[in-house]
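The primary structure of each chain is shown beneath.
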Amino acid sequence: MSPIALEPPIVDIQNSTSEFDQYVMNTYARFPIALVRGAGCRVWDSTGKEYLDFVAGIATCTLGHAHPAMVKAVTEQIQTLHHVSNLFYLPAQGELAKWLVQNSCADKAFFCNSGAEANEGAIKLARKYAHVKLGIEDPLILTANASFHGRTLATITATGQPKYQKNFTPLVSGFDYVPYNDIAALEAAVAKYEGRLCAVMLEALQGEGGVRPGDRAYFQRVREICDQKNILLILDEVQVGMGRSGKLWGYENLGIEPDIFTSAKGLGGGIPIGAMMCKSSCDLFEPGDHASTFGGNPFACTVALAVCKTLTDEDLVTNAKERGEQLQKGLRAIAQDYPDLIEQVRGWGLIEGLVLAESAALTSRDVVQACIDRGLMLVPAGPKVVRFVPPLIVSAEEIDQAIATIAASLASLNS
Ligand SMILES: *Cc1c(COP(=O)(O)O)cnc(C)c1O
């Protein structure tokens with residue numbers, strides 16, 4: 001067997017991007033950079049240029065790149081058993097479910113492959129709850145404006161942003177939207193849909209919608225209303241969960257517990273896996289109700305379990321909290337230098353947003369491009385928010401380096 005090549009191939013970027021575009025559908029506004037290698041919080045492109053990776057596969061590479069715990073889990077499990085079927089008992093899936101249940105408010109887990117698929121499961125479970133527990137024939141789920149729940153038909157419908165729905169009608173029926181963090185609007189919608197409403201589905205912190213943290217008083221009142229009306233509170237933890245917020249789950253920042261929550265991005269550290277978690281009170285699926293061929297296979301579950309255990313072993317949730325405070329402080333200091341350009345810095349732990357003023361000529365993409373030019377990978381969260389979502393293993397030195405790079409980038413853009 002030949003050894004695994006660790007040195008990346010030299011790729012001609014001009015050739016490789018035009019050939020790429022010839023064969024791959026045009027679904028992303030890609031930066032003209034071909035990434036070929038990663039280690040820790042750093043990635044390298046095909047020309048050998050190094051970047052500090054504060055994108056982490058969009059809040060996904062929890063342990064950064066090539067973490068020994070992941071390398072070990074991947075190589076051992078691929079040599080042992082990678083995929084069979086949920087028709088059989090899969091010990092790794094049971095172990096992962098146990099870890100997630102013991103470390104959250106949920107009692108049961110269902111596994112799938114992505115955030116959208118986890119949310120589809122949550123929507124189906126809420127609808128079954130409506131039919132069999134509430135006797136509702138035409139159930140409705142409320143979601144928030146500016147939310148993001150995925151790209152399948154049901155999840156673009158759940159997503160309260162028309163730009164994701166354009167040209168894809170007819171949408172799925174049974175959804176309506178309320179402004180986020182607005183309790184009066186929610187109360188009005190609950191009254192309007194009395195007799196039809198089965199669930200409220202929210203992000204604890206809106207990620208794609210602009211790194212907007214949930215308001216504690218709002219979520220506590222939402223929880224009360226759901227309890228009074230016997231409806232489910234579903235939290236989409238796909239982006240904010242798995243330690244990123246400085247707590248293991250985003251809802252811990254709000255002092256409430258959901259009935260159902262979903263996880264995906266950070267769960268497998270970049271190996272595709274999603275989970276839909278629920279309390280026993282709504283654990284209603286029976287054989288035949290819901291399934292996923294790849295969902296929870298031994299490979300994905302072993303790697304996700306290694307990610308979970310490493311979060312604990314390396315105390316990465318604490319690191320996320322401390323490095324997040326450092327990052328937020330640094331960004332706030334920069335914001336003071338640009339009162340006309342930067343409106344706000346907001347976020348929890350290692351999901352932070354630098355919010356540009358609506359009146360500013362600059363867009364988030366301009367700032368991201370200037371930072372990428374200087375070796376810092378960032379990602380926009382909408383046209384005016386620059387998002388910082390580094391791996392949870394990020395060091396104090398790396399945070400300082402990122403702050404220095406953003407300062408230099410803003411200085412040059414503003415000159
Ligand atoms: C990314 C994201 C999703 C969709 O996840 P996919 O794995 O891309 O399907 C859903 N909800 C939230 C909050 C997300 O950030």
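Residues numbered from 1 in each chain as written. Predicted model: local features only at pLDDT ≥ 70, side-chain atom pairs only at ≥ 80, totals over all residues. Heavy atoms only, no water.

Engineer: For this particular structure, what's the right way to read the side chain of Ser-245?
Structural biologist: Topologically, Ser-245 is positioned in the loop between β10 (232-236) and β11 (260-263). Reaching out from Ser-245, the side chain makes a polar contact with the backbone oxygen of Lys-247 at a distance of 3.2 Å. Reaching out from Ser-245, the side chain makes a polar contact with the side chain of Asn-253 at a distance of 2.9 Å. In contact with Ser-245, not counting residues within four places along its chain, are Val-240, Gly-250, Asn-253, Trp-348 and Gly-349. (Helix = DSSP H or I, 4+ residues; strand = E, 2+ residues; numbered from the N terminus. Polar contact = N/O pair within 3.5 Å; in protein donor to acceptor, adjacent residues only side chain to side chain. Contact = heavy atoms within 4.5 Å.)

Engineer: Please clarify how the domain arrangement of the protein should be interpreted in this entry.
Structural biologist: Where interface size is given, it is often the accessible area lost as the parts come together that is meant. According to the domain assignment, the protein consists of domain 1 (13-60 + 315-413) and domain 2 (70-313). Between the C-alpha centres of domain 1 and domain 2 there is a distance of 26 Å. Contact with domain 1, which involves 24 residues of that partner, is made by 29 residues of domain 2. Between domain 1 and domain 2 the total buried area reaches about 2,100 Å² when both faces are included, carbon and sulfur atoms providing 62% of it. The largest per-residue losses of area from domain 1 upon contact with domain 2 belong to Thr-60, Trp-348 and Ile-351, which jointly make up 35% of the total buried on that side. On inspection of domain 1 and its partner domain 2, the count reaches one salt bridge. The residue Arg-387 makes a salt bridge to Glu-208 at a minimum N-O spacing of 2.8 Å. (Domains from an automatic or database assignment. Buried area = accessible area lost by both parts, 1.4 Å probe. Salt bridge = Lys/Arg side-chain N within 4 Å of Asp/Glu carboxyl O.)

Engineer: So what exactly am I meant to see when it comes to the sheet that holds strand β17 (residues 385-388) here?
Structural biologist: Note: strands within a sheet are paired through backbone hydrogen bonds, in either parallel or antiparallel orientation. One open sheet holds the four strands; their spatial order is β13-β14-β17-β16, and the pairing between them is antiparallel. Each having just a single partner strand, β13 (342-348) and β16 (379-380) make up the two edges of the open sheet. As paired elements, β13 and strand β14 (residues 351-356) share six bridges and run antiparallel to each other. Across the sheet, residue Ile-342 finds its bridge partner in β14, namely Leu-356. (Pairing = 2+ DSSP bridges.)

Engineer: Help me understand the site of the ligand in this model?
Structural biologist: If you check the shell around the ligand, you find Ser-114, Gly-115, Ala-116, Asn-119, Phe-148, His-149, Gly-150, Glu-203, Asp-236, Val-238, Gln-239 and Lys-265 and nothing else. Measuring from an oxygen atom of the ligand, one finds a side-chain N or O atom of Gln-239 at 2.7 Å. Alone, the ligand offers 380 Å² of accessible surface; in the complex the protein occludes 81% of this. Per-element tally for the shell around the ligand: the top contributor is helix α5 (residues 115-134), with three residues. The residue inventory of the shell around the ligand, partitioned by class, reads three nonpolar, six polar and three charged. (Near = heavy atom within 4 Å. Areas by Shrake-Rupley, 256 points an atom, 1.4 Å probe, with all protein chains shown as cover. Nonpolar A, V, L, I, M, F, W, Y, C, P; charged D, E, K, R; others polar.)

Engineer: Sorry, what's going on with the pattern of salt bridges here?
Structural biologist: Here the idea is simple: oppositely charged side chains can pair when their charged atoms come close. Scanning the model with the defined rule gives 15 salt bridges in all. Between Glu-187 and Arg-221 there is a salt bridge, with the nearest N and O atoms lying 3.2 Å from each other. Taken together, the residues Glu-187 in helix α7 (residues 183-192) and Arg-221 in helix α8 (residues 216-229) connect sequence positions 34 residues apart. A single network of salt bridges, built from pairs that share partners, joins Arg-42, Glu-50 and Glu-398.

Engineer: Where do I start with the nonpolar core in this structure?
Structural biologist: Here is a general trend for soluble globular proteins: nonpolar side chains tend to be buried in one another's company. One finds Leu-100, Leu-202 and Ile-406 to be the most contacted residues of the largest nonpolar core, which totals 104 residues. Of all the elements, helix α9 (residues 298-313) adds the most residues to this core, at ten residues. Each of domain 1 (13-60 + 315-413) and domain 2 (70-313) accounts for three or more of the residues forming this core. When sequence neighbours within four positions are dropped, the list of residues in contact with Ile-406 reads Leu-331, Ile-334, Leu-354, Val-367, Cys-371, Leu-376, Leu-378 and Phe-388. Counting residues in hydrophobic clusters, the runner-up holds 24 residues, among them Ala-126, Ile-136, Cys-198 and Ile-260. (Core = buried A, V, L, I, M, F, W, Y, C linked by side-chain atoms within 4.5 Å. Buried < 20%, exposed > 50% of the residue type's maximum accessible area, 1.4 Å probe, protein only.)

Engineer: Which parts of the structure should I look at to understand the packing of helix α11 (residues 364-373) against helix α12 (residues 396-414)?
Structural biologist: Angle between the axes and distance between the axes: these two values describe a pair of packed helices. Viewed as axis vectors pointing N to C, α11 and α12 meet at an angle of 120 degrees, and their least axial separation amounts to 9 Å. For the pair α11 and α12, the crossing hand works out as right-handed. Counting all contacts with α11, which are made through Asp-366, Val-367, Ala-370 and Cys-371, the residues of α12 involved are Thr-405, Ile-406, Ser-409, Leu-410 and Leu-413. For the contact of α11 with α12, the residue count by class is six nonpolar, two polar and one charged. (Axes fitted to C-alpha atoms, helices over the stretch in contact; angles between N-to-C directions. Left-handed = near helix turned anticlockwise from the far one by under 90°.)

Engineer: Would you take a moment to explain the sheet that holds strand β2 (residues 42-45) for this structure?
Structural biologist: Pairing within the open sheet is mixed, and its four strands lie in the order β1-β2-β3-β15. Edge positions in the open sheet fall to β1 (35-39) and β15 (376-377), since each of these has one partner strand only. Here strand β3 (residues 50-53) runs beside β15; their pairing, made up of two bridges, is parallel. The residue bridging Leu-52 from the neighbouring strand is Leu-376, located in β15.

Engineer: Sorry, what's going on with the UniProt feature "binding site: pyridoxal 5'-phosphate" (unreviewed entry) in the protein here?
Structural biologist: The UniProt entry lists Gly-115, Ala-116, Phe-148, Asp-236, Glu-237, Val-238, Gln-239 and Thr-293 under the feature "binding site: pyridoxal 5'-phosphate" (unreviewed entry), expressed in the numbering used here. What stands out for the annotated residues spanning 179 residues is how far apart their C-alpha atoms range, the widest pair being 25.0 Å apart. With respect to the secondary-structure elements, Glu-237 resides in the loop between β10 and β11. Under the relative-accessibility criterion, Glu-237 is labelled buried at 0%. Sequence-distant contacts of Glu-237, that is, excluding residues within four places in its chain, are made with Ala-204, Trp-249, Gly-250, Tyr-251, Phe-261, Thr-262 and Ser-263. (UniProt positions renumbered as here; feature names shortened; annotations may be inferred.)

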